[in-house]
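Listed below are the residues making up each chain.
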2 protein chains.
Amino acid sequence: MSNKIITISREFGSGGRTVAKELSKKLGIPCFDQEIIEQLSEKSGLAKEFIKERGEYTTGGNWFTNALSSNNYGGSIQDKLWLLQRNLILELAEKGPCIFVGRCADYILKDRDDCLKVFIHADMEKRIERIVTHYGESSVAPEKRLRDKDKRRKAYYQLYTDSEWGVAQHYDISLNSGKLGIEKCVEIIADLYNE
Amino acid sequence: MSNKIITISREFGSGGRTVAKELSKKLGIPCFDQEIIEQLSEKSGLAKEFIKERGEYTTGGNWFTNALSSNNYGGSIQDKLWLLQRNLILELAEKGPCIFVGRCADYILKDRDDCLKVFIHADMEKRIERIVTHYGESSVAPEKRLRDKDKRRKAYYQLYTDSEWGVAQHYDISLNSGKLGIEKCVEIIADLYNE
């Protein structure tokens, strides 16, 4: 089996997006991240910020209240966004080797044998350091914000895939970028991709 | 940070023990697996089979009923075994570089910076193939037996560590041995150990 597609699921602040970008450069294949948001915005007319947020996070309720809220007639805007996003990811994957960051691409492409599913995570301390120093986020209560992001990302994943985000068994490889370093993560994944 | 100790947590049938043994040969460091059972049997007078089973698995209740059953005066035999096992793992880790297979060693050694925490897993199909062809287990209802093993191992881990077994964030690296192959898993871990 050869890998053609890489999906990078990641904890916010773990540097998963950086891993994806570095991999894209190293392997010479496109990384779909911002482009998905732009294409979806064009197709749907929705604001990029809305897509960025509602294509990966619930609004803050739990999976149950979110499931209820999405069951109104014809589905919620979030449900429609999910369908658009799903179709776009399937389409892009058909075009050739590429990398997807988040957006449940691991689940959406789960039936492909040529897809290497990666999860990047890091300890809370390292994630706080990264969002404050690299992303320029406020240093006020960063742990609370990260826990909230985790919770909403997990809830979104569960709502649309009916499975659990961050459970090792769903990925081919999970890496602690805080312990191993971004560069080492890139090296290991690139090596597996090129096998 | 240099790694001196490797803990291999694993799903039953994923080949985690084989990965540990191959690593032991490759790195020239001991792998504590059967030896822990033998030493504990000697110290406690308990049968090896009992230790093998009750040092990693609950008896089949959920974590709550198990927690209740272990709260009798002075603690249950399983609780005493946990303490003996914990002390032995801490002692062995002090002696020098080594590998531990299962037995919550990842949790017991969680405060050491020189410990590389690994989780090995595989898809159900690959695990069934392995337990039937490699371990010579009965081919009758293997999936049911594997699910039961997972459940009891998870419950044991939760009971004694108060955290969740198999969640990617608890390990430095998690690998799907069914997809990547045993040899590749050994290569990646050995490379990280030697960094």
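Throughout what follows, the structure given in this document is the object of discussion. (Residues numbered from 1 in each chain as written. Chains lettered and ligands numbered in written order. Predicted model: local features only at pLDDT ≥ 70, side-chain atom pairs only at ≥ 80, totals over all residues. Heavy atoms only, no water.)

A short note on the packing of aromatic side chains
Two descriptors summarise a pair of aromatic rings, namely the distance from one centre to the other and the angle between the planes of the rings. Here the structure, examined in full by the defined rule, presents 12 aromatic pairs over all chains. Here Phe32(A) and Phe100(A) contribute two aromatic rings whose centre-to-centre distance is 5.6 Å and whose plane-to-plane angle is 40 degrees, an arrangement assigned as tilted. Placement of Phe32(A) in strand 2 (residues 31-32) and of Phe100(A) in strand 3 (residues 98-101) is noted, with a sequence separation of 68 residues between them. With respect to class, Phe32(A) is no different from Phe100(A); both count as buried. An angle of 50 degrees between the planes, with centres 4.9 Å apart, marks the rings of Tyr156(A) and Tyr160(A) as tilted. Of the two residues, Tyr156(A) and Tyr160(A) are both situated in helix 8 (residues 142-161); the distance of 4 residues between them amounts to about one turn of the helix. Pair check on accessibility: Tyr156(A) and Tyr160(A) agree, each one buried. A network of ring pairs unites the aromatic residues Trp82(A), Tyr156(A) and Tyr160(A) as a single cluster. Seen from the ring of Tyr107(B), Lys110(B) lies directly overhead, with NZ or CZ sitting 4.7 Å from the centre. (Phe/Tyr/Trp six-rings, centres within 6.5 Å; stacked < 30°, edge-to-face > 60°. Helix = DSSP H or I, 4+ residues; strand = E, 2+ residues; numbered from the N terminus. Buried < 20%, exposed > 50% of the residue type's maximum accessible area, 1.4 Å probe, protein only. Lys NZ or Arg CZ within 6 Å of the ring centre and 35° of its normal.)

Section: the pairing of strand 5 (residues 173-176) of chain A
The alternating pattern of strand 5 of chain A places Ile173(A) and Leu175(A) on one face and Ser174(A) and Asn176(A) on the opposite face, and all of these are buried. Here strand 4 (residues 115-121) of chain A runs beside strand 5 of chain A; their pairing, made up of 4 bridges, is parallel. Bridge assignment links Ile120(A) to a residue of strand 5 of chain A, and that residue is Leu175(A). Of the pairings in the sheet, the one linking strand 5 of chain A to strand 5 (residues 173-176) of chain B comprises 3 bridges and is antiparallel in character. Across the sheet, the residue bridging to Ile173(A) is Leu175(B), located in strand 5 of chain B. (Pairing = 2+ DSSP bridges.)

Concerning the packing of helix 5 (residues 77-95) of chain B against helix 8 (residues 142-161) of chain B
Residue and element names in this part refer to chain B. With their axes 12 Å apart at the nearest point, helix 5 and helix 8 run at an angle of 75 degrees to one another. One element, helix 5, and the other, helix 8, form an angle in the roughly perpendicular class. Across the interface between the two elements, Gln-78, Asp-79, Trp-82 and Gln-85 from helix 5 touch Tyr-156, Leu-159, Tyr-160 and Thr-161 from helix 8. Classifying every residue of the contact of helix 5 with helix 8 by side-chain character gives 4 nonpolar, 3 polar and 1 charged. (Axes fitted to C-alpha atoms, helices over the stretch in contact; angles between N-to-C directions. Parallel < 35°, antiparallel > 145°, perpendicular 65-115°, else oblique. Contact = heavy atoms within 4.5 Å. Nonpolar A, V, L, I, M, F, W, Y, C, P; charged D, E, K, R; others polar.)

What about the nonpolar core?
If you look at the biggest cluster of nonpolar residues, it comprises 53 residues, and the most contacted ones within it are Ile36(A), Phe100(A), Leu109(A), Ile36(B), Phe100(B) and Leu109(B). Apart from the residues lying within four places of it in its own chain, the contact partners of Leu109(B) are Ile5(B), Thr7(B), Ile89(B), Leu90(B), Ala93(B), Phe100(B) and Cys115(B). Of all hydrophobic cores here, the second largest spans 46 residues; its members include Val101(A), Ile182(A), Leu27(B) and Leu116(B). (Core = buried A, V, L, I, M, F, W, Y, C linked by side-chain atoms within 4.5 Å.)

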